[in-house]
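Chain by chain, the residues:
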Amino acid sequence: MNHISAGARDLGTGFTSIVRSPRMLLLGGVPALLSSLLLLAGIVVLAFFSVDLADWLTPFADGWSEWWRRSFRGLLALALIAGAVLLGSVSFIALTLLIGGPFYDHIAERTERERGLGGDEGAGWLRLLSRGLADASRLVLIGVIGTLVLFPLGFVPVLGQTVVPVVGVLFGGWLIALELTGPVFQRLGMTVGTRHRILWRHRRTVLGFAVPAYLLCLVPVAQLLVIPAAVVGGTLLAHRVLGTRWPDESTADGNRTNGAGTV
C-alpha cells in the first residue's frame, strides 16, 4: 500500500506544482487542447460516415432482408464509433506528447532543476526529438493492438462488463506511465523496452500514479490540467524508480525486489 500511495503522491505533487505555475499550466494545456480537438474531429467525421462505412464493409449483407441488413449495419456503425472512442482514449496522451513534445520536455527539465535532479545531461534536442517520435509511434501501435484485443472481448457477457473494463484501465494506465516517464528515460538513452522493465519492477508504485492519471484523463476538459500535472508527476516517478530520488525508499524497493521478486 505504501508503494501505491507513493505513486499517487507523485501525481498529487504534479497538480500542486502546475496550479502554482500558470505558465507551466498554459504550456502543458495547449497541446492537450489541440489533441482533444483533433480526436474529437476524427470521431465526429467517423460518426457522420459510419453508416456508409458499414455498408462498404459488408457487401455480403446486400442480399439479406431489409430489417436484418439495417440492424446489422447499424450495430457495426455503432461498434466502429465505440472502437474509435476507445482507441482515442488509449492514444490520447501519446498524441498529446507528440504534438507538445518540446513543451513537455521543458516542463520535465524545469521540474528536475527545481528539485536538484539534474535535467541538462543526455542527448541533444534533435536526437531527443527523433527518440520521442519513435517512442510515440511504438506506444500508439501498442495501444492499437491492445484496443483490437480488448474491444471484441467487451461484448462477451459478464466478462465484458467485469474483467475487461478493469484490464482496460490497467492497460491504459500502464501506457500513460510509459509515455509520461519518457523524457527522463530518453535523455538517459533508454529504450521503451528498458523503461518497461524498470517500471515493471516498481509496478505497484507505477500503477498508484498511472491508474488515477488515466481515469482523470477520461474526464472532458479536465485533461487540460491533468496532462501537465501528470508530466510533472511522471518526471518525479521516473527519478523515484531510477533511484535518484529518496535514496532510503529506493534502497528499500531494491531489497524487496531482490528478496521477493516483486515491489
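Structural data are supplied above this passage.
Bear in mind that the values here come from a model prediction, so they are computed numbers and not experimental data.

**Things to note about the packing of helix H2 (residues 22-57) against helix H3 (residues 66-99)**
Packed helices, taken two at a time, are described by the angle between their axes plus the distance between the axes.
Here is step 1: Contact geometry of H2 with H3 gives a least axis separation of 9 Å together with a crossing angle of 155 degrees. The orientation of H2 relative to H3 falls into the category roughly antiparallel. Between H2 and H3 lies a crossing whose hand is right-handed.

**So, the nonpolar core**
Here is step 1: Grouped together as the largest cluster of nonpolar side chains are 40 residues, with contacts concentrated most on Ile93, Leu180 and Ile227.
Here is step 2: By residue number, the principal contributor to this core is helix H10 (residues 223-242), which donates ten residues.
Here is step 3: Each residue touching isoleucine 227, except ones within four places of it in the same chain, is listed here: Ala32, Phe92, Ile93, Thr96, Tyr104 and Cys217.

**Describing the packing of aromatic side chains**
Here is step 1: The full count for this structure, using the stated rule, is six aromatic pairs.
Here is step 2: A ring pair is formed by tryptophan 67 and tryptophan 68, whose centres lie 4.9 Å apart and whose planes are at 90 degrees; its orientation type is edge-to-face.
Here is step 3: By relative accessible area, tryptophan 67 is classed as exposed at 58%.
Here is step 4: A residue is classified by how much of its surface remains accessible, and tryptophan 68, at 54% relative accessible area, is exposed.
Here is step 5: Every member of this aromatic cluster is reached through a ring pair, and the members are Phe60, Trp64 and Phe72.

Procedures and definitions
Along every chain, residues carry numbers that run from 1 in the direction the sequence is written. Only residues with pLDDT of at least 70 are given local features in this predicted model, and only at 80 or more are side-chain atom pairs given and counted; all residues enter the totals for whole chains, interfaces and linings. Heavy atoms from the whole structure form the basis of all side-chain values; hydrogens and water molecules are not counted. Here, axes are lines fitted to C-alpha atoms. For helices the fit covers the stretch in contact, and angles between N-to-C directions go from 0 to 180 degrees. By the criteria applied, helices consist of DSSP H or I runs no shorter than four residues and strands consist of E runs no shorter than two, each listed in order from the N terminus. Under this scheme an angle from 65 to 115 degrees is roughly perpendicular, one under 35 degrees roughly parallel, and one over 145 degrees roughly antiparallel; angles in between are oblique. By definition, turning the near helix anticlockwise from the far helix through less than a right angle yields a left-handed crossing, and turning it clockwise yields a right-handed one. We define a nonpolar core as any set of buried Ala, Val, Leu, Ile, Met, Phe, Trp, Tyr and Cys residues linked to one another through side-chain atoms lying within 4.5 Å. Only protein chains enter the area calculation, which uses a 1.4 Å probe; residues under 20% of their type maximum are buried, those over 50% are exposed, and those in between are partly exposed. Whether two residues are in contact is decided by their heavy atoms: any pair within 4.5 Å suffices. Here a pair means two rings of Phe, Tyr or Trp (six-membered ring of Trp) with centres within 6.5 Å. Their orientation is stacked below 30 degrees between planes, edge-to-face above 60, and tilted elsewhere.

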